[in-house]
Amino acid sequence: MQHTTRQQDDDNRQLISTLSGKVYPFGRTEEFADNGESLEVVGPNDQQPVIRQGRHIWERFAGFLPFRQPDLSVSPGEGNTPLVGSGAFLSEFSGSKDLWLKNETMNPTWSFKDRGTLTTTWMAREMGEKVTATISTGNMGHSVAAYAARAGLQALVFVPDFTPREKIMPMALHGARIIRVESPDYAAMKKKILEMAGHLGLRIVSGNGPLRVEGYKLTAFEMYEQMEGEGPDYIVVPVSACGHIRGLFKGYRELYQAGYISALPRMVVVQAANNAPVATAIREGRKQVVPFTDVNTIAEAITTGNPMGGEEIIDKAYRHDWPAMSVTENEILQAQVGLARSGFFVEPASATPLAALQKLTGQGIVKSSDKVVLMLTGSGLKDFDVFRHHQVGVYDCNLHNLEETIEQAMQ
Ligand SMILES: *Cc1c(COP(=O)(O)O)cnc(C)c1O
C-alpha cells in the first residue's frame, strides 16, 4: 500500500471525542482525547455512504470506512464468520427462542480482535510506522503479532504475568518482542506504559482506539448481510476495553444513518462480577466508571478494571436503553459447559454473554421472543487453565480391559 500523503489526510478525515465533541487530527498517535475520552473517526470516504458491489466485504462497505487504499495482502483472512442458530439446547438454557451465535472464534488468531488489527495495521502502514505496540492479556497481542508479521512490522507486546501460555507462545512464534510485566494491577500497568509511550514515540494500539473500532464495524455490516437486512433486537457483548461493543454499535448506527435499517439494535454490556467497572456503573445509574482493582476472574480476556473511554459506553447505555449484567465465576463456568454441550468451545470471557442472557430473560428484561445475538469472542483453545475448574471425565484402560471399559462407557 502506498503511504497516503499529508494533503489527503487534511480533507475529510478527523477524530472527534465521543462525549464533548472535541476535534483532533486523524493521524493523532494517542488513541484517546487529552481528557481521556474515547475518540471516533468522522468523515469516512463518503458523506452519504452506499453499499457497493464487490466480492469482499471491505469493497462493499468501503464508503463507510476511512481507508483510501485498503491493502488486503496484509490480511490472513479475518471475518466471514458464521452466524448460526442456537439450537434447542441453548434456547432452553438461555430462555431465548430466537437466539443466534456469531462465531468470532473462527478468525485467523481465534478471536474478533483480528478485525480491528487489520485496520490498525493499515493505519501503521499509512503513517509509515515500523513498530506496532500493544498492551494485552493475550488475544490482542496474539492478533497484533500475527498481523505485524504479515505486514513486515515489528510487534512489541506488553503482557501482564497472568496471561495464559496458550496466548504468549504463538506471539513469540510470530516474532513479536514480548515484555511480561509483573504488576498486581493491570490498569496501573497500562497507565504507566501509556504515559511512557509519548516520549518513546510509540503508538500503543489499545483495545479501544478509534481505528480498531472501524474494523469492528465490519462485524455489524457482516451481520446485516447475514440477517438479510434486518438488525437483531439485542447483541450481547463481553466488555473489557470497550472497543468491540462500540464498534458493533457504530456499524449499526452508520447503517441506520444511511437509511439501511429502521431501528438500532440494543447492546447488552456483560462483565464478570469480579471485574464489572462499566456494568456496575450502568446498573447503579452512575456516569463514571467504577474502578475495580485486584481483578481476579477466570474470564481473563475481560479484566480491564478501569477502562479508558468507558464513560462513552455508560452514556450510550442510558441514551439507548442498553441493559448491563455481571455474571459470577460459577455462572461463567456453567455457560462455558452449556456452549460446549451445543458444539462451541469458547474461552471463559466468551461464555459470559450466555450466562448474562439467562439472567436477563429470567428477569424479564429480554423477552423470549426477542431476536438475540451472542458474540462468541474467542476460542476455548486459548485458555486451558480453566480446566482446573471443570470435571473432565476420561475412561482409562489398557488392551486387556478395553472391552469391559467400552461397556461401562456405553451405559
Ligand atoms: C478483548 C476481548 C473481549 C473484550 O473486548 P473489548 O473490546 O476489550 O471490550 C472479550 N472477549 C475476548 C475473548 C476478548 O479477547
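Residues numbered from 1 in each chain as written. Predicted model: local features only at pLDDT ≥ 70, side-chain atom pairs only at ≥ 80, totals over all residues. Heavy atoms only, no water.

Within the protein chain one finds 14 helices and 13 strands. Expected size for 411 residues packed as a compact globule is a radius of gyration near 22 Å; at 21 Å, the protein chain falls within 12% of this value. When burial is assessed residue by residue, the protein chain has 57% of its 411 residues classed as buried. Of the contacts formed within the protein chain by residues at least 6 apart in sequence, a portion of 71% connects residues at least 24 apart. As displayed, the protein chain offers around 17700 Å² of accessible surface, 49% of which is attributable to carbon and sulfur atoms. Each charge class in the protein chain was averaged separately, 40 positive and 47 negative side chains, and the resulting centres sit 5 Å apart. (Helix = DSSP H or I, 4+ residues; strand = E, 2+ residues; numbered from the N terminus. Rg over C-alpha atoms; globule rule 2.2 N^0.38 Å. Buried < 20%, exposed > 50% of the residue type's maximum accessible area, 1.4 Å probe, protein only. Contact = heavy atoms within 4.5 Å. Areas by Shrake-Rupley, 256 points an atom, 1.4 Å probe, with all protein chains shown as cover. Lys, Arg positive; Asp, Glu negative; His and termini not counted. Charge placed at Lys NZ, Arg CZ, Asp CG, Glu CD.)

Our focus in this paragraph is the nonpolar core. Ranked by internal contacts, the top residues of the largest apolar core, which has 67 residues, are Met223, Ile235, Ile245, Leu255, Met267, Val269 and Trp322. The element best represented in this core is helix α5 (residues 139–151), accounting for 7 residues. Counting contributing residues, this core receives three or more from each of domain 1 (14–47 + 111–205) and domain 2 (83–107 + 210–384). Discounting residues that sit within four places of it in the chain, isoleucine 245 has contacts with Val237, Val239, Met267, Val268, Val269, Ile313 and Trp322. Residues Val268, Ile298, Val327 and Leu339 belong to the second largest nonpolar core, which totals 32 residues. (Core = buried A, V, L, I, M, F, W, Y, C linked by side-chain atoms within 4.5 Å. Domains from an automatic or database assignment.)

Moving on, we get to the packing of aromatic side chains. The relation between two aromatic rings is expressed through the spacing of the ring centres and the mutual angle of the planes. As enumerated under the stated definition, the model contains 13 aromatic pairs in all. With a centroid separation of 4.8 Å and an interplanar angle of 70°, the aromatic rings of tryptophan 58 and tryptophan 122 are classed as edge-to-face. Note that tryptophan 58 is positioned in helix α2 (residues 57–60) and tryptophan 122 in helix α4 (residues 113–126), a separation of 64 residues in sequence. Exposure class is identical for tryptophan 58 and tryptophan 122. Each is buried. Note on phenylalanine 384 and phenylalanine 387: the rings are 5.2 Å apart at their centroids and 55° apart in plane angle, and the pair reads as tilted. What makes phenylalanine 387 partly exposed here is its relative accessible area of 29%. (Phe/Tyr/Trp six-rings, centres within 6.5 Å; stacked < 30°, edge-to-face > 60°.)

Turning next to the side chain of arginine 60. Considering the arrangement of structural elements, one finds arginine 60 in helix α2. Within the local environment of arginine 60, its side chain forms a polar contact with the side chain of glutamate 225, the two groups lying 2.7 Å apart. With residues up to four places along the chain from it excluded, the contact list for arginine 60 reads Val50, Ile51, Arg52, Gln53, Gly54, Arg55 and Glu225. (Polar contact = N/O pair within 3.5 Å; in protein donor to acceptor, adjacent residues only side chain to side chain.)

This part takes up the environment of phenylalanine 292. On the secondary structure map, phenylalanine 292 appears in the loop between α10 (277–283) and α11 (310–320). It is 6.0 Å that separates the C-alpha atoms of phenylalanine 292 and asparagine 275, two residues lying 17 residues apart in sequence. In contact with phenylalanine 292, not counting residues within four places along its chain, are Ala273, Asn274, Asn275, Ala276, Pro277, Thr280 and Gly305.

Judged by pairing direction, the sheet is parallel, and its 4 strands sit side by side in the order β8-β7-β6-β9 without closing on themselves. Strands at the two margins of the open sheet, each flanked by one partner only, are β8 (177–181) and β9 (204–205). Looking at chain direction, strand β6 (residues 131–135) and β9 are connected through 2 bridges and run parallel. Looking at the pairing, threonine 134 lines up with valine 205 of β9. Along the sheet, helix α6 (residues 165–174) makes contact with β7 (154–160) and β8, crossing β8 at roughly 150°. (Pairing = 2+ DSSP bridges. Axes fitted to C-alpha atoms, helices over the stretch in contact; angles between N-to-C directions.)

Interface size is often expressed as the accessible area that is lost when the parts come together. Splitting the protein chain by domain gives domain 1 (14–47 + 111–205) and domain 2 (83–107 + 210–384). A straight line from the C-alpha centre of domain 1 to that of domain 2 covers 22 Å. At the boundary of domain 1 with domain 2, total buried surface from both sides reaches about 3100 Å², with 55% on carbon and sulfur atoms. Going through the elements one at a time, β3 (39–42), α4, α5, α6 and α7 (186–200) are the ones with two or more residues in the side of domain 1 that touches domain 2. Counting residues per element, the side of domain 1 that touches domain 2 draws most heavily on α4, at 8 residues. The residue inventory of the side of domain 1 that touches domain 2, partitioned by class, reads 17 nonpolar, 11 polar and 9 charged. (Buried area = accessible area lost by both parts, 1.4 Å probe. Nonpolar A, V, L, I, M, F, W, Y, C, P; charged D, E, K, R; others polar.)

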